[in-house]
Every structure is written in C-alpha cells, then in structure tokens.
Amino acid sequence: MLAALFKMMSDGQFHSGEELGRALGVSRAAVWKSLKRLEDQGFPIQRIRGKGYRIPRGAVLLDLAEIAAALPADMAERIEWQLLDTVDSTNAQLLKQLSMKEPRALACVAEQQLAGKGRRGREWVSPYGQNIYLSLALPFSGGAQKLEGLSLLVGLVLVETLESCGFRNCALKWPNDVLLGGRKLAGILIELAGDLTSDCVAVIGVGINVLMNDAAAAIDQAWTSLLLSRQDGTLNRNLLIAEFIRRLFEAVAVFREAGFAPFVEEWQRHDAWYGQPVVVRTGAVITEGVERGVDQRGALRLDVAEGQVLLNGGEVSLRLSHDS
C-alpha cells in the first residue's frame, strides 16, 4: 500500500486521508497508520488539518522497473538487479554474493540500511525511504593497482549526475565525499574482492542524502540533503539512480582503458578546497599545507614548507585548517 500511496502523492500536492483511502480501497485510519510510521522515522510528511497530507514532489519508493526504463536497454540488461526493503548494508550484501557466482555487474539498492558504513568504519545514517543506498559490483582486470583514482571518478560522476538533475554548486572533497554548500551530501565506499593482483571486483557503495531532514543527533559532522538545498531538482530516487549508473558505466569504460588521467582536469574543476590551507591526518601523522588538487593516480597534491608532497587515500581525514 505504501508504494501506491507514494505514487498518488508524488505530485507534491495535499491529499486528504479520505481521498487516498477511497482510491486504495482502505480506511482513512489505515492511510494514517502507514504514513505515521514513516513520519516517526523522520520522513518529510506535511500534515494540515482540513487539507490532508503532502510529501515532497517526486518522492517515490524505489522501483527497479522505473530505474531500468530510464536506462539504455542494453545497459539495463547487463546488470543483475536486486531491490531490498531493509539490509545490513548494500555493500555487504554484494560482497557475500560474490563468493557464490562468477564476477559480473551486480546492483543492489535498499530502502533502508541497518548497518550502513562509511570510510573508517563510521556509521552511515540510513532512515527508511529517504535516501539512496546503492552498491554496484563491477569486475576489473589488472589488479588493484589499475583501480587507483576509482573513488575519485565515482565522486565526479555523482556530481555531474546531480548537476544534470538540477542541483547546482555540488563540490568534491578528496578522497570520496560530495559536498553541497560546504556540508556533506554524499559519500563513497569502495571495497575490493577477488585476486587483487589480477582479476578482481570493485564493490562501489554510494550513499546520497535525498529527503533526509532530521538526523542531527546521529551525525557527527555538518550535513545536508537534496531536499534541504531547496533547489528545483528532481527528488525521484529512481531517476537519480538511473542517471548515475548510466554516467558511471560510460566513465568506467574510459577508466578501464586510460585510468584516472582523463578525468583529472574535470575533477579539479569541482574541487571544494583547491588553493585552501588544509590539515591532513593519516593515522598519527598530521600534514599541513595548501591543497593543489590531484595527480593522474588520484593522489592529493599538497604544498608544504619543503615543497610539494603527494598523499594517497586510506585512513585520511581532511579539514580546512581553520576548522582543525
């Protein structure tokens, strides 16, 4: 019933409980109960006596048919899809499956993650039906060394996707965050499986805050969502996912042949902190300098007192120096 409710309400207009119940053949109380459960989890439902209920325009539940229909047919057919209501994490789901089948393109999306994680083992807050929790498993040859810069490429594709869907001023924070208005909007987590010296699989996890508007107590850094940006872009998660996958497959085809080098200039055009004084922490080592973008392998260029150093990914946190 919830999916049908969302389709009826995705126009962003007010709908009375009586109207919704009549269309679905259920009581007004049943409608209230379904929407109240989501409202209690922080879903942005507006309720006004005498007018009814309203959800953000374009807010729908995930639908694999809608995602596939928005992709080129041959691309959709190359992916083995799965949609889950709840899961520990979409990355973990795919990693468990890789041991049971030959590597191929797999995609997993979920309405909610119960144990979502970001880099450095941090929890990724994952309320029901509000955000994008997506993982893609893509096979690569040539070993892990050939994957240098992949997380940066995914971030760039994500920014370009959001721009094409109507969201301006998204920026990249090395190595794998997307910012909007200086606040975290999305994150990327890549985990590898298989033979890291030869044929392997990259499980690319992407989390995007789409409709979330109340999670301050659970998140230990400044964050935002597409809804909170108040921009006139699409909030339909199915269309956002399809556009991201389309662009990612096209970019990965180039990446397989030429690595990250063809994307350096465009990545730096979206670099949030280029030319800014930053502090980089790698374990117990702290490096201060001026951020100068990335090299052809995706390493961070940092101007320090002794010259320029290159820093690779891993256990690194990056903050503007005046925030340290």
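Residues numbered from 1 in each chain as written. Predicted model: local features only at pLDDT ≥ 70, side-chain atom pairs only at ≥ 80, totals over all residues. Heavy atoms only, no water.

Turning to the overall build of the protein, a few remarks are in order. Within the protein one finds nine helices and 14 strands. Whereas a compact globule of 324 residues would reach a radius of gyration of roughly 20 Å, the protein reaches 21 Å, a difference of no more than 12%. Taking the principal axes of its C-alpha atoms as reference, the protein extends roughly 70 × 50 × 30 Å. For the protein, the residues scored as buried account for 52% of the 324 residues in total. Sequence separation of 24 or more characterises 64% of the internal contacts of the protein that already satisfy a separation of 6 or more. Working note: accessible area of the protein is about 14,900 Å², and carbon and sulfur atoms make up 48% of it. Of note, the protein has its 35 positive side-chain charges centred 7 Å away from the centre of its 38 negative side-chain charges. (Helix = DSSP H or I, 4+ residues; strand = E, 2+ residues; numbered from the N terminus. Rg over C-alpha atoms; globule rule 2.2 N^0.38 Å. Buried < 20%, exposed > 50% of the residue type's maximum accessible area, 1.4 Å probe, protein only. Contact = heavy atoms within 4.5 Å. Areas by Shrake-Rupley, 256 points an atom, 1.4 Å probe, with all protein chains shown as cover. Lys, Arg positive; Asp, Glu negative; His and termini not counted. Charge placed at Lys NZ, Arg CZ, Asp CG, Glu CD.)

Bringing helix 7 (residues 150-164) into the picture now. Helix length check: helix 7, at 15 residues, gives a terminal C-alpha distance of 21 Å against a target of 21 Å (1.5 Å per residue), a fit within 8%. Among the 15 residues that make up helix 7, twelve are buried, leaving the element largely enclosed by the rest of the structure. Taken together, the buried positions of helix 7 are occupied by Leu-150, Ser-151, Leu-152, Leu-153, Val-154, Gly-155, Leu-156, Val-157, Leu-158, Val-159, Thr-161 and Leu-162. Backbone geometry just downstream of helix 7 places Gly-166 in the positive-phi region, at approximately 105 degrees. (Expected span 1.5 Å × (residues − 1).)

Glancing now at the domain arrangement of the protein. Put simply, an interface is often sized by how much accessible area is lost when its parts join up. Domain annotation for the protein reports domain 1 (1-54), domain 2 (64-268) and domain 3 (273-320). If you average the C-alpha positions of domain 1 and of domain 3, the two centres end up 49 Å apart. (Domains from an automatic or database assignment.)

Let's shift gears to helix 6 (residues 90-98). Listed as buried for helix 6 are Thr-90, Asn-91, Gln-93, Leu-94, Gln-97 and Leu-98. Around the axis of helix 6, the buried residues are gathered within 160 degrees of arc, so they sit on the same side. (Arc of directions from axis to C-beta.)

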